[in-house]
Amino acid sequence: MRHWIIAACFLAHPAFALDVPSADIVFLGEQHDNPAHHRLQAQAVDFLSAKALVFEMLTAEQAARITQELLADEAALEQALGWNDSGWPDFSMYYPIFAAATGASFYGAAVPREETRGVSDQGLSAVFGDGAHRFGLDQPLPADQQDTREAMQMAAHCDKLPEQILPLMVDIQRLRDARLAEQALKALQDTGGPVAVITGNGHARKDWGAPYYVTFAAPDVSVVSIGLGEEGASPDGGFDAVESTKGVDRGDPCAAFDKS
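In this report, we go over the structure that sits alongside the text. Computed from a predicted model, the values in this text were never measured in an experiment. (Residues numbered from 1 in each chain as written. Predicted model: local features only at pLDDT ≥ 70, side-chain atom pairs only at ≥ 80, totals over all residues. Heavy atoms only, no water.)

## A closer look at the nonpolar core
Across soluble globular proteins, you tend to see nonpolar side chains buried next to one another. By size, the foremost hydrophobic cluster in this structure holds 34 residues, and its most contacted members are Ile25 and Phe135. Only strand E1 (25-28), strand E2 (52-55), helix H7 (124-128), helix H9 (166-191), strand E4 (195-198) and helix H11 (210-217) provide two or more residues apiece to this core. Beyond its immediate chain neighbours, meaning those up to four positions away, Ile25 contacts Ala184, Leu185, Leu188, Val195, Val197, Val214, Val221, Ser222, Val223 and Val224. The next biggest cluster of nonpolar side chains, apart from the first, holds 33 residues, and it includes Phe55, Leu77, Tyr95 and Val224. (Core = buried A, V, L, I, M, F, W, Y, C linked by side-chain atoms within 4.5 Å. Buried < 20%, exposed > 50% of the residue type's maximum accessible area, 1.4 Å probe, protein only. Helix = DSSP H or I, 4+ residues; strand = E, 2+ residues; numbered from the N terminus. Contact = heavy atoms within 4.5 Å.)

The following block contains the structure:
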């Protein structure tokens, strides 16, 4: 299995020097609607010569549609993926990541909506299915972590959620984290790595996100996670490194909640 030394030369500021352990899997966090983050991710994918990419934004079925021919045609690739009908930010932000991954294999880790809906009545472990024990999904979170994560969900939704739904929201987050970890490990097994994972900063947290589940399931696999923040808003989560870019004007994020 190959090991790669991850250096920070792909980050925005060349003076930002970083030596971190060699890694089989590299998580590249993001704020989904920040174009600068996707440019940095594309640079990282190119620098790593990643053999596989795992996308939070794609289902396995979507990822299977990607061909080398499509990678050369932004419009055709977007159409094949149905990206701009998916609710994710415009494909033009993400296309440089795909274009930097010529020759790589692609994996989708998106959890279908019907699965997230099933968590409330079937339970987290049952919905994940085979391998739930491998990722510890059959065990509750430590009480302090559960409380912290419920509070974060409430804050992220502008304090508008009913309190009784908060444990479900945390379980769904765990489901998505574990699915990302599962697909990253599959990609590593299939290709030998290095594997780059494109996902939001919340899923890229090393303390309890997808990197945690990779390490829980496969302690011998080396993992690096890089968070991408914005000026004045650095993501938490035990990242190996965090780089900040200019922010994006999002207006009032709570306005939609106030209207509803």
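## Considerations on the pairing of E2
Across the two faces of E2 the burial is the same, with Ala52 and Val54 and Leu53 and Phe55 all buried. Sheet analysis places E2 next to strand E3 (residues 105-108), joined by four bridges and oriented parallel. Bridge pairing in E3 links Phe55 to Gly108. Where E2 meets E4, four bridges bridge the pair, whose relative direction is parallel. Residue pairing in the sheet places Leu53 in a bridge with Ala196 of E4. (Pairing = 2+ DSSP bridges.)

## Quick notes on H11
Those residues of H11 that sit buried are Ala210, Pro211, Tyr213, Val214 and Ala217. The buried residues of H11 occupy one face: seen down the axis, they fall within an arc of 160°. Next to the buried residues of H11 lie E1, H9, helix H10 (201-204) and strand E5 (223-230). (Arc of directions from axis to C-beta.)

## Digging into the sheet that holds strand E6 (residues 241-245)
The pairing of strands in a sheet happens through backbone hydrogen bonds and is either parallel or antiparallel. Taken in spatial order, the six strands of this open sheet run E3-E2-E4-E1-E5-E6, and their pairing is parallel. Every other strand in the sheet has two partners, leaving E3 and E6 as the edge strands with one partner each. Ignoring strand direction, the axes of neighbouring strands in this sheet form an average angle of 20°. Sheet analysis places E5 next to E6, joined by five bridges and oriented parallel. Looking across to E6, one finds that Gly227 is bridged to Val242. In the packing of H9 onto the sheet, the strands contacted are E1, E2, E3 and E4, and the crossing angle to E3 comes to about 160°. (Axes fitted to C-alpha atoms, helices over the stretch in contact; angles between N-to-C directions.)

## Overview of the state of the cysteines
Disulfide: a covalent bond connecting the sulfur atoms of a pair of cysteines. Within the structure shown, the criterion is met by one disulfide. Here Cys158 engages in a disulfide with Cys254; their sulfurs sit 2.1 Å apart. Taking the sign of the S-S torsion, -90° for the link of Cys158 and Cys254, the bridge is left-handed. One end of the pair, Cys158, is in the loop between helix H8 (143-156) and H9; the other, Cys254, is in the loop between E6 and helix H12 (255-259), with 96 residues separating them in the sequence. (Disulfide = S-S within 2.5 Å.)

## Re the pattern of salt bridges
Oppositely charged side chains can form a pair if their charged atoms are brought close together. The full count for this structure, using the stated rule, is nine salt bridges. Across the pair Asp33 and Arg250 runs a salt bridge whose closest N-O atoms are separated by 2.7 Å. Separated by 217 residues along the polypeptide, Asp33 in the loop between E1 and helix H1 (35-48) and Arg250 in the loop between E6 and H12 bring together distant segments of the chain. On the basis of relative accessibility, which here comes to 26%, the residue Asp33 falls in the partly exposed class. The partner of Arg149 in a salt bridge is Asp177, with the nearest N and O atoms 3.7 Å apart. Of this pair, Arg149 sits in helix H8 while Asp177 is found in helix H9, placing the two residues 28 residues apart along the sequence. Of the two residues, Arg149 and Asp177, both sit in the buried class. Among the charged side chains, a salt-bridge network with shared partners connects Asp33, Glu230 and Arg250. (Salt bridge = Lys/Arg side-chain N within 4 Å of Asp/Glu carboxyl O.)

Take it as geometry only, folks, not as evidence of what the structure does.
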